[in-house]
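What the coordinates show
Spelled out, the chains give:
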Amino acid sequence: MSNEDYLKDISEIKNLMNKSSRFISLSGLSGILAGIYALIGAAVAYYIVTNSTRGYLILDGIIFKICAAILLSVAALSIITGIYLTTRKAKKNGEKIWDSSSKRLIINFLIPLVVGGLYILIILNQERYGHTAALMLIFYGLALVNASKYSIGDIRYLGITQIILGLMCAFMPSYGFWFWVLGFGVMHIIYGSIMHFKYDIK
């Protein structure tokens, strides 16, 4: 065998090992749509809050409950879209949607996310609202970085970006809404577009 054949075999073995240890069927289009959902939800919430009598949120107010419902709706739509498009991509590529790599991905993604969500609920209950957006970005970024070990490595860069935005937001909490829009809206669209053209289009 020539050196080129050896290199080709090594490359194929590396690809097989990568596929067996990483879940690589994530859809870039789901990232784009998640960003669009976030921007729409943010626009609706901004309109509702700025046109309310108080012009700001309080935890036990109806406006807060409406905004929380919008946030949950955005998250639910993003999850449903992600599952649907990822499942479709996996079937198209002849890959399993639920195997050891996808299980590791979900577990490592959920641990920082659930811890962060519980911590945010605790500080909201204590009426400490100032760093909510920053914490959401930071814990979401940590979840992405943690999960990137079991999926497409590019997710790590999105996670790092979210963490940086979260830390910047912590320095400027009065701009928390706009950092949230940038992180969950704009960055998802940019990241999703890159992933779509890099991995989805063949």
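Below or above, wherever it landed, is the structure these notes cover. (Residues numbered from 1 in each chain as written. Predicted model: local features only at pLDDT ≥ 70, side-chain atom pairs only at ≥ 80, totals over all residues. Heavy atoms only, no water.)

1. A few points about the overall build of the protein
Basically, it comes down to this: Helix and strand definitions follow DSSP, with helices as H or I runs of at least four residues and strands as E runs of at least two, each counted in order from the N terminus. Under the scheme applied here, a residue whose accessible area is under 20% of the maximum for its type counts as buried, over 50% as exposed, and between as partly exposed, the area being computed with a 1.4 Å probe on protein chains only. Residue contacts are defined here by distance: any two heavy atoms, one from each residue, within 4.5 Å place the two residues in contact.
Broken down by element type, the protein carries seven helices and zero strands. Start at the N end of the protein and walk to the C end: the helices and strands fall as α-α-α-α-α-α-α. For the protein, with 202 residues in total, the buried portion stands at 37%. Sequence separation of 24 or more characterises 75% of the internal contacts of the protein that already satisfy a separation of 6 or more.

2. Considering the environment of Gly-28
Counting through the fold element by element, Gly-28 comes out in helix α2 (residues 28-50). Classification of Gly-28 as buried rests on a relative accessible area of 2%. In sequence terms Gly-28 and Gly-192 are 164 residues apart; their C-alpha atoms lie 4.3 Å from each other.

3. Here we look at the environment of Ala-43
Residue placement: Ala-43 occurs in helix α2. We classify Ala-43 as partly exposed; its relative accessible area is 47%. Between the C-alpha atom of Ala-43 and that of Val-181, which follows or precedes it by 138 residues, the distance is 9.2 Å.

4. Points about the side chain of Thr-132
Structurally, Thr-132 is set in helix α5 (residues 132-147). Thr-132 gets classed as buried once you look at its relative accessible area, which sits at 15%.

5. Comments concerning a nonpolar patch on the surface
Definition in use: Surface patches are defined over residues having more than 30% relative accessible area and no salt bridge, joining like charges when they lie within 9 Å and nonpolar side chains (Val, Leu, Ile, Met, Phe, Trp, Tyr) when within 5 Å. For the accessible areas, the method is Shrake-Rupley and the probe is 1.4 Å, while residue cover comes only from the protein chains on display. The term salt bridge refers to a side-chain nitrogen of Lys or Arg lying within 4 Å of a carboxyl oxygen of Asp or Glu.
On the surface, Tyr-46, Tyr-157, Ile-160, Ile-164, Met-168, Phe-171, Met-172, Tyr-175 and Trp-178 cluster together into a nonpolar patch covering about 1,000 Å² of accessible area. Here the nonpolar patch gets five residues from one element, more than from any other, and that element is helix α6 (residues 155-171). Here Tyr-46 is to be found in helix α2.

6. Comments concerning the packing of aromatic side chains
Applied cut-off: Side-chain rings of Phe, Tyr and Trp (the six-membered ring for Trp) are treated as a pair once their centres are within 6.5 Å; stacked means planes under 30 degrees apart, edge-to-face means over 60, and tilted covers the remaining angles.
Enumeration over the complete set of coordinates arrives at seven aromatic pairs. Measuring from ring centre to ring centre gives 6.3 Å for Phe-109 and Tyr-140, while their planes differ by 85 degrees; the resulting arrangement is edge-to-face. Separated by 31 residues along the polypeptide, Phe-109 in helix α4 (residues 100-125) and Tyr-140 in helix α5 bring together distant segments of the chain. By the ring-pair criterion, three or more aromatic residues cluster together here, those being Phe-109, Tyr-140, Trp-180 and Phe-184.

7. Section: the packing of α2 against helix α3 (residues 62-92)
Short version of the rule: A fitted line through C-alpha atoms represents every axis, and for helices the fit uses only the stretch in contact; the resulting angles, taken between N-to-C directions, go from 0 to 180 degrees. Roughly parallel refers to an angle under 35 degrees, roughly antiparallel to one over 145, roughly perpendicular to one between 65 and 115, and oblique to any angle outside these ranges. Three classes are used: nonpolar for Ala, Val, Leu, Ile, Met, Phe, Trp, Tyr, Cys and Pro, charged for Asp, Glu, Lys and Arg, and polar for all others, with Gly counted as polar.
Packing of α2 against α3 brings their axes to within 9 Å, and their N-to-C directions diverge by 170 degrees. Classified by the angle between their axes, α2 and α3 sit roughly antiparallel to one another. Residues Leu-29, Ser-30, Leu-33, Ala-34, Tyr-37, Ala-38, Gly-41, Val-44, Ala-45, Ile-48 and Val-49 of α2 form the contact with α3, whose own contacting residues are Ile-63, Ile-66, Cys-67, Ile-70, Val-74, Leu-77, Ser-78, Thr-81, Gly-82 and Leu-85. For the contact of α2 with α3, a count of residues per class yields 16 nonpolar, five polar and no charged.

All we've got here are geometric facts, nothing functional implied.
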